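Read off the chains here:
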Amino acid sequence: MENVHLAVEEDDLYSGYNDYNPTFDSEELENDVGFQQAVRTSHGRRPPMTAKFPGTAIGGRPLVSSFGSRIPMASSMGRPMTGAVQDGSARPMTAVRAAGYSSSLMRGSTFDPLGQSKGPAPPLEAKNEDTAEEKIKILEKRVNDLIEESCMAQSIGALQLALEKAKEAGRKERALIRQRETSGQTEHINLDLTYSVLLNLANQYANNEMYPEALNSYHVLVKNKMFTNAGRLKVNMANIYFKQKNYPKAIKFYRMALDQISNAHKELRIKILQNIGVVFVRLGQYSDAITSFEHIMAESPNIKTGFNLILCYYAIGDRERMKKAFQKLISVPLGIDDEDKYIPASDEPSANMVIEAIKNDKLHQMERDLKILAEKYIMTAAKLIAPAIETSFASGFDWCVEMVKCSQYVELANDLEINKAITYLRQKDFNQAVETLKTFEKKDSRVKSAAATNLSFLYFLEKDYDQADRYADLAMNADRYNPAALINKGNTVFVKKDYEKAAEFYKEALRNDSSCTEALYNLGLSYERLNRLEEALDCFLKLHSILRNGAEVMYQLAHLYEQLGDPQQAIEWLMQVISATPTDPHVLAKLGKLHDDEGDKSQAFQYYSESFRYFPSNIDVIEWLGAYYIETQFCEKAIQYFERATLIQPNCVKWQLIVASCYRRSGNYQKALDTYKEIHRKFPENVECLRFLVRLSTDMGLKEVQEYATKLKKVEKMKELREQRVKSGRENSARSRREGSTGSAGESIVSTSVLTSPKKSDVTENAKAEPQPERKQFSPLLDSDSGRSSSSSSKGERLSAKMRSLPGSNEPYEASSPKELDASYVDPLGPQTDRPKTGAKKPADDDDFADEDLGDDLLPE
């Protein structure tokens, strides 16, 4: 227990901090009776006493002065006085009154330096909007808001709304002026606000092409002397006169604005001078325009003015000055940084991030646009002046190329060379074009690919598919990602009927350039040839979403729906084609055919008639219209169509026989006899013509009956002999084939058999099996010929059905019952190979379309 120490409570470390002298407790002053008594009585307000006479009751108290001290007088509670002498030492006086303390303010109130005892601040007084000043401020703010809304509406293209806002701002501003005049504050009128309102209103009138109103508003601004710098608004007035083609007045106002603009605004003066030059060009005063443009090129040269100067020199035919202007044009500084600055020069991440950030920013896009515009002007100027500055355009191009090579546009030299080759093409000098393009075979890959692409295109047009394939391969090797080269390669494979491989090339071209419409079109044709109609339909539907008004695309869609057995959809697409090309005769004929297949004869007749009106030489349309009139018992109207067919195919006896039959059917026997006589004169061995001559002569009691009968017997005998020869020739050829011999005699028999007229009973079938001529165009961009033979056969059957109303050769010509047309109308010389096909045709000219779309590879200007 001796070693055990009890814990003793230690003193609090934080004690004593709250202890203070109650004398300094200001919160308890209100409860201090003595202090409150002193405040309420004159005791606390007694002025200090000074000794006027010695020996008074206060004679023992020291005098108070500014240099002395006094004995403090304690309060009833013993509160010390400020500035009193404590502990025998006097406090020095630094001021008449202690800093921050005023006994008069403290009397009757607590010590509250922050004013917390007064409670929260009273609410702000509400504005009185009935006062004139407040109304003026509200109106002024409303006018500014309307001007801003008008400008915003114009920026988004809502021109009418912008004009309405501008007019309302004008009304509010006039109300504001009246309000100021009423309240007597005319000296405080805001002229800047009036200027803004009138200027915005004039601009909105001009944007809405209300030029007289705009000019009136500008006149108000210009004539008001209180508006400083309003003279430059005459530029806007001159622009309006330019749009109204009032060129003399436009020049007048441009010059007035130029006089009122100081030389300090150099750029604005240059722009006005450029406008003056353009107006002079419109007036045909090229010498005055040259003066303005030359001044600009001397003071502040730019690309657009340099190009305009070249145009003026070209208009007056000054060769030397054209050359000098072209040299000035290619030496104009663009103020564009080198593209190398956008290439990362180090592996530092922060620098690379900065380069990536500025690579596609607005400033770089603006620089690219400016460079593209400059290259366009230089290329156009070179193509314009090349034929004019030298004796030949080739030497002119060479001079331009040399100048460009010595300038900052070195890369344009190769493009100029390619344009030189294109110029040769336009002049139909294909050999020179090919030679020019062949010079690029040893150039860099980009130019080599472009030249080889154009060469492939040229050889494809000339149907030299081997050379086209060779240069397509060369273009692909130079630039595998060139979609035009891939399309040309696919085209060369397409004409070899390797549609699967062609489709692969077209797909690769689409992977490299998804917007390549030529590749998508050709891919659809490849799928169509492969009988993958649904995939072809998808391709053309995608293409239609890109080319909304492409007549070729809509025609292919109609053709595919027809093959898929949906004629209504085909008709709808053809109607869209007609809306794009309303005068295309082939599309109209196609619509007539579809309506005929659907049994709508009236609509078919309407479309066939329209097709005949635009293209009256289509045999198929003529044949259908003639058969329609025969079927409806209007043989007189059918005659004009078959007579036109006779003019188109004068060596085809078929049309002349139908004309004669129509005369017979309509009762004009004499005209029918004359027509048969004319046919007999041209085709003396035609059996059907002789038979009708014999019958007509017999019924009409003519003397030539015996003559025609003798000729008929002779021709029929010759016909039998020919049939025997054909039969024996077939037997001999079969025998020779069995013996393994070459049938040279068979060839002569076949050539002889061509002159033999077929049997009457076999002509219709022979006509159905008549071979169609080979299509001349092999372009993948042309229509497919699939299913043509079946459509021709069905058409032959329909035509024979339509012709049944004509009487046959073994019936009297007075007969009115519909019978099948005599088969002897077929030409004895064999089938007519010059007859147009009845398959699907394109709405555009085949040759032009092939040249236009398959090229796709000529570089754009």
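Relevant structure appears above.
The sections below set out a description of the structure shown in this document.

Analysis parameters
- Residues numbered from 1 in each chain as written.
- Predicted model: local features only at pLDDT ≥ 70, side-chain atom pairs only at ≥ 80, totals over all residues.
- Heavy atoms only, no water.
- Helix = DSSP H or I, 4+ residues; strand = E, 2+ residues; numbered from the N terminus.
- Buried < 20%, exposed > 50% of the residue type's maximum accessible area, 1.4 Å probe, protein only.
- Contact = heavy atoms within 4.5 Å.
- Areas by Shrake-Rupley, 256 points an atom, 1.4 Å probe, with all protein chains shown as cover.
- Expected span 1.5 Å × (residues − 1).
- Axes fitted to C-alpha atoms, helices over the stretch in contact; angles between N-to-C directions.
- Parallel < 35°, antiparallel > 145°, perpendicular 65-115°, else oblique.
- Left-handed = near helix turned anticlockwise from the far one by under 90°.
- Salt bridge = Lys/Arg side-chain N within 4 Å of Asp/Glu carboxyl O.
- Phe/Tyr/Trp six-rings, centres within 6.5 Å; stacked < 30°, edge-to-face > 60°.
- Lys NZ or Arg CZ within 6 Å of the ring centre and 35° of its normal.
- Core = buried A, V, L, I, M, F, W, Y, C linked by side-chain atoms within 4.5 Å.
- Nonpolar A, V, L, I, M, F, W, Y, C, P; charged D, E, K, R; others polar.

Further remarks concern the overall build of the chain. Tallying secondary structure elements over the chain gives 37 helices and zero strands in all. Within the chain, the fraction of its 861 residues that count as buried is 39%. Considering only residue pairs separated by 6 or more positions, the chain has 57% of its internal contacts joining residues 24 or more positions apart. Total accessible area on the chain is roughly 49900 Å²; 52% of this is exposed by carbon and sulfur atoms.

Taking 1.5 Å per residue as the helical rise, helix α4 (residues 159–182) with its 24 residues ought to reach 34 Å, and the 35 Å between its terminal C-alpha atoms agrees with that figure. A162, L163, A166, A169, G170, E173, L176 and R180 are the residues of α4 that are buried. Those residues of α4 that are buried lie in contact with α3 (132–155) and α5 (191–207). In the stretch just after α4, G184 is the one whose phi turns positive, near 75°.

Helix-helix packing: each pair is described by the crossing angle between the helix axes and the interaxial distance. In contact at an axis separation of 10 Å, helix α25 (residues 567–580) and helix α26 (residues 585–597) are set at 155° when each is read in the N-to-C sense. Taken together, the axis directions place α25 and α26 in an arrangement best described as roughly antiparallel. Along this stretch, α25 crosses α26, giving a crossing that reads as left-handed. From α25, A570, I571, L574, M575, V577 and I578 reach across to α26, where they touch V587, L588, K590, L591, L594 and H595.

This part covers the pattern of salt bridges. Counted by the stated rule, this structure contains 26 salt bridges. With its nearest N and O atoms 3.1 Å apart, the salt bridge here joins E149 to K165. Here E149, found in helix α3, pairs with K165, found in helix α4; they are 16 residues apart in sequence, far enough to count as distant. Across the pair E623 and K654 runs a salt bridge whose closest N-O atoms are separated by 3.3 Å. Taken as a pair, E623 in helix α28 (residues 619–631) and K654 in helix α30 (residues 653–666) lie far apart in primary sequence, 31 residues in all. Salt bridges sharing common partners tie together R142, E149, K165 and E168.

In this section: helix α21 (residues 499–512). Helix length check: α21, at 14 residues, gives a terminal C-alpha distance of 20 Å against a target of 20 Å (1.5 Å per residue), a fit within 8%. Here α21 has its buried residues at Y499, A502, A503, F505, Y506, E508, A509 and L510. Tucked into the core, α21 has its buried residues touching α19 (465–478), α20 (483–494) and α22 (517–529).

Moving on: the packing of aromatic side chains. Summed over all chains, the structure comprises 18 aromatic pairs. With centroids separated by 6.0 Å and ring planes inclined at 50°, the aromatic side chains of F326 and W399 adopt a geometry described as tilted. Of the two residues, F326 is situated in helix α12 (residues 319–330) and W399 in helix α15 (residues 393–405); the sequence distance between them amounts to 73 residues. Their ring planes at 20° and their centres at 4.7 Å tell us that F605 and Y628 sit as a pair that is stacked. One end of the pair, F605, is in helix α27 (residues 601–614); the other, Y628, is in helix α28, with 23 residues separating them in the sequence. Look at F605 and you get partly exposed, because its relative accessible area is 21%. Looking at K323, its charged tip hangs above the ring of W399, at a distance of 5.5 Å from the centre. One residue, K637, lies across the ring of F634, its end atom 5.4 Å from the ring centre.

Residues F326 and Y409 are the most contacted members of the largest nonpolar core, which totals 142 residues. Examining the composition of this core, we find that ten residues originate from one element, helix α14 (residues 362–389), more than from any other. Discounting residues that sit within four places of it in the chain, Y409 has contacts with I303, I330, V332, L334, A374, E375, I378 and V404. Membership of the second largest hydrophobic core comes to 25 residues, among which are A604, F612, W624 and A672.

A few words now on the packing of α4 against α5. Across the interface, α4 lies against α5 with an axial gap of 9 Å and an inter-helix angle of 155°. Between α4 and α5, the crossing angle belongs to the class labelled roughly antiparallel. The crossing of α4 and α5 is left-handed. Here L159, A162, L163, A166, K167, A169, G170, E173, L176 and I177 of α4 come into contact with α5, specifically with L193, T194, V197, N200, L201, Q204, Y205 and N207. Of the residues belonging to the contact of α4 with α5, the class tally is eleven nonpolar, five polar and two charged.

Moving on: the environment of A484. Among the structural elements, A484 can be located in helix α20. For A484, a relative accessible area of 12% gives the class buried. Through-space distance from the C-alpha of A484 to that of N454 is 9.1 Å; in sequence the pair is 30 residues apart.

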